[in-house]
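A closer look at the structure
Each chain is listed here by its residues.
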Amino acid sequence: MIELSVNIDHVATVRQARRIAEPDPVAAAALAELGGADGITVHLREDRRHAQDRDVHLLRETVHGELNLEMACAEPIIRIALAVRPDLATLVPERREEITTEGGLDLRQRPAAIARAVARLRRAGIKVSFFIDPEEGQVELAKKLGADFVELHTGEYCRLADCRPRIADRGLKPETRSPEPEVERLAAAAAAAAALGLGVHAGHGLNYRNVGPIARIPQVSGLYIGHSIVGRAIFVGMQEAVREMKRLIVEARRSQGS
Ligand code: PXP
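So, a few notes on the structure that sits alongside this text. Since this is a predicted model, take the numbers as computed values, not measurements.

A few points about the overall build of the protein
Regarding its fold elements, the protein presents 11 helices and eight strands. Taken over the C-alpha trace, the protein has a radius of gyration of 17 Å; the compact-globule value for 258 residues is 18 Å, and the two agree within 12%. On the principal axes, the C-alpha backbone points of the protein span a range of 45 × 40 × 35 Å. For the protein, the residues scored as buried account for 51% of the 258 residues in total. In the protein, the share of contacts with a sequence separation of at least 24, taken over all contacts with a separation of at least 6, comes to 66%. Approximately 12,000 Å² of the protein is accessible, and the part contributed by carbon and sulfur atoms is 53%.

Printed below as a string of structure tokens:
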């Protein structure tokens, strides 16, 4: 089984460009669920550049599937998580100057603070995931620090899959290396995590063209996707954009045989 969680931050980004009430990411979440999303993800950043506190509270009341709160391991955000009680909290690194979450969370840094946050979240009944690079050392640390899940960072795979030479004229660094070794690295990390009893999620940069090989990794039980779905929703509507992605994921998994 493989599920799709839709990240609605980019709807909030469009709203915040004008600092008015629309488009409402809470409405987008309802439509995503009608389109077949198994869950909704929202990242309440410390700088509140897209999602706002109000969104998180309303999503808690309205989302039927899994509500995943992406968050930095920072006291004010931990307190909000403890009050809102999402189903899942995914700890991510956060830098104010980044365009989006860049690398995975490096669990070698601040392990005691991370373990304390995990214990508090889990005591409140919230499952905890760490967004990490697909490295065995990070997977082992995730287990030691008490996570229920890891979310494997697919950004490097997506860069290799998408940045073919034909797009060099768009200012992106052309890439001639095959994405295949990165798929193998993700598959090895997924197998290592599952062997330790961790649930395995994956996400970042996944789109309608590159999602197949990641959906086929048998241990991956959830894909966390935002930008490509919200981008397509501008043209075909949120329900249809989610439906198309869900179909691709389910078909890829079926072709792999699990
Ligand atoms: N997973 C995590 C931890 C993220 O930070 C993001 C981006 O907010 C995503 C998944 C979704 O990435 P994208 O918007 O590129 O699909």
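Some remarks on the pairing of strand S2 (residues 39-43)
With five of five residues buried, S2 is to be regarded as a mostly interior element. Pairing of S2 with strand S3 (residues 66-71) involves five bridges; the strand directions are parallel. Residue pairing for S3: Ile-40 is matched across the bridge by Leu-67. Following the chain from S2 across helix H3 (residues 53-62) to the adjacent parallel S3, one finds a crossover that is right-handed.

About the cut-offs
- Residues numbered from 1 in each chain as written.
- Predicted model: local features only at pLDDT ≥ 70, side-chain atom pairs only at ≥ 80, totals over all residues.
- Heavy atoms only, no water.
- Helix = DSSP H or I, 4+ residues; strand = E, 2+ residues; numbered from the N terminus.
- Rg over C-alpha atoms; globule rule 2.2 N^0.38 Å.
- Buried < 20%, exposed > 50% of the residue type's maximum accessible area, 1.4 Å probe, protein only.
- Contact = heavy atoms within 4.5 Å.
- Areas by Shrake-Rupley, 256 points an atom, 1.4 Å probe, with all protein chains shown as cover.
- Pairing = 2+ DSSP bridges.
- Right-handed = clockwise from strand over helix to strand, strands pointing away.

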